[in-house]
Amino acid sequence: SPQRSLDIAINEYAPGRTIVVDKKTYKSGGFYSPVPFKNSDYYSPAAEYFKPENGYFFNLYMCNNPLCGWFGREKPKDDLCPFCGQPITEENTREMIKPWGFAPVNGKDIPESEAISDMTYSGDPCYSATPSGDLSSTKYKNIKVANAEDQEIIVLNKGHDDEGFDVCTKCGAAQPHGDKTLRENLIGAPYFQSGRPAHCDHANVDEGLFVGTSFLTDMFFLQIELDSEKITDNDLILKSASQTLAE
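The present account deals with the structure reproduced in this document. (Residues numbered from 1 in each chain as written. Predicted model: local features only at pLDDT ≥ 70, side-chain atom pairs only at ≥ 80, totals over all residues. Heavy atoms only, no water.)

1. Some thoughts on the environment of Q243
Alright, step 1. Position of Q243 relative to the elements: it lies in helix α2 (residues 235-246).
Alright, step 2. For the pair Q243 and C63, spaced 180 residues apart in sequence, the C-alpha to C-alpha distance is 19 Å. (Helix = DSSP H or I, 4+ residues; strand = E, 2+ residues; numbered from the N terminus.)

If you want it as structure tokens, here you go:
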């Protein structure tokens, strides 16, 4: 089977995507690993991955300020973004699943004539680090800097229009969120059992999940105080300036 690092796989193997392996066409239809999670139920192999203590299922509190991008796994103090101060509401709270493996729709290949790929992509990485008072002054009065090691970065595939994915918490079958259910789209369990397609009634489907993964990296913080009389809070200007600084 093809192998990819998880930050790439959440794009290339996301539910709905099609790939060709050994001249056979497959459509990604869920999350599955042939090596079962410890103490997992034979008929509900995905259930253990939806328990937060097992490290695959998380709540995400996200700042929707496009110039910020902060996220956290714990609710911020006073429900405010610790970086830009914008309110973090229930609408900014989402759930994320970290894939434990990918498998095709119904655990098998499909006719080439049915190979219509549902394309979704991951967005810009999000970060949870804040300088927390560790900023150092520079010879420029409006600029402060800080270095931080081993900071968590998360990469998310949010599906179409940030609507996420629908995932069965019993078998792991998944699809981009839409008007039809897994059963209506004839998406069954993404694996075989005893040589036959496994059966699942999809009685428990978690809708609108983001698919993602995280990794640690070192970060450099640069804080620039702007003169509000000379530079207005213009999204386009600030985005362009931050991109130029990054490059």
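2. So, the packing of aromatic side chains
Alright, step 1. One pass over the full model with this rule turns up 12 aromatic pairs.
Alright, step 2. Measuring from ring centre to ring centre gives 5.1 Å for F37 and Y49, while their planes differ by 75 degrees; the resulting arrangement is edge-to-face. Separated by 12 residues along the polypeptide, F37 in the loop between β2 (24-31) and β3 (57-62) and Y49 in the loop between β2 and β3 bring together distant segments of the chain.
Alright, step 3. Residue classification places Y49 among the buried residues on the basis of a relative accessible area of 6%.
Alright, step 4. Stacked on the ring of F58, the Lys or Arg R73 has its end atom at 3.9 Å from the ring centre.
Alright, step 5. Across the ring face of Y56, the terminal group of K98 is positioned such that the distance to the ring centre comes to 5.8 Å. (Phe/Tyr/Trp six-rings, centres within 6.5 Å; stacked < 30°, edge-to-face > 60°. Buried < 20%, exposed > 50% of the residue type's maximum accessible area, 1.4 Å probe, protein only. Lys NZ or Arg CZ within 6 Å of the ring centre and 35° of its normal.)

3. Observations concerning the pattern of salt bridges
Alright, step 1. Per the counting criterion, the structure on display carries four salt bridges.
Alright, step 2. For E48, the salt bridge is made with K51, and the minimal N-O distance between the two is 3.0 Å.
Alright, step 3. Looking at E48, the relative accessible area reads 13%, which means it is buried.
Alright, step 4. When its relative accessible area of 33% is taken as the criterion, K51 is described as partly exposed. (Salt bridge = Lys/Arg side-chain N within 4 Å of Asp/Glu carboxyl O.)

4. Overview of a nonpolar patch on the surface
Alright, step 1. Taken together, the side chains of F220, L222, I224, L226 and L245 make up a nonpolar region of the molecular surface, amounting to roughly 480 Å² of accessible area.
Alright, step 2. Counting residues per element, the nonpolar patch draws most heavily on strand β14 (residues 205-224), at three residues.
Alright, step 3. Tracing the backbone shows L222 in strand β14.
Alright, step 4. On the basis of relative accessibility, which here comes to 40%, the residue L222 falls in the partly exposed class. (Patch = residues over 30% accessible without salt bridge, like charges linked within 9 Å, V, L, I, M, F, W, Y side chains within 5 Å. Areas by Shrake-Rupley, 256 points an atom, 1.4 Å probe, with all protein chains shown as cover.)

5. Some words on the sheet that holds β2
Alright, step 1. Reading across from one edge, β1-β2-β6 is the order of the three strands in this open sheet, with antiparallel pairing throughout. Only two strands of the sheet have a single neighbouring strand rather than two, namely β1 (18-21) and β6 (102-104). The mean inter-strand angle of the sheet, taken between neighbouring strand axes irrespective of direction, is 50 degrees.
Alright, step 2. Direction of pairing for β1 relative to β2: antiparallel, over a ladder of four bridges. If you follow V21 over to β2, its bridge partner there is K24. (Pairing = 2+ DSSP bridges. Axes fitted to C-alpha atoms, helices over the stretch in contact; angles between N-to-C directions.)

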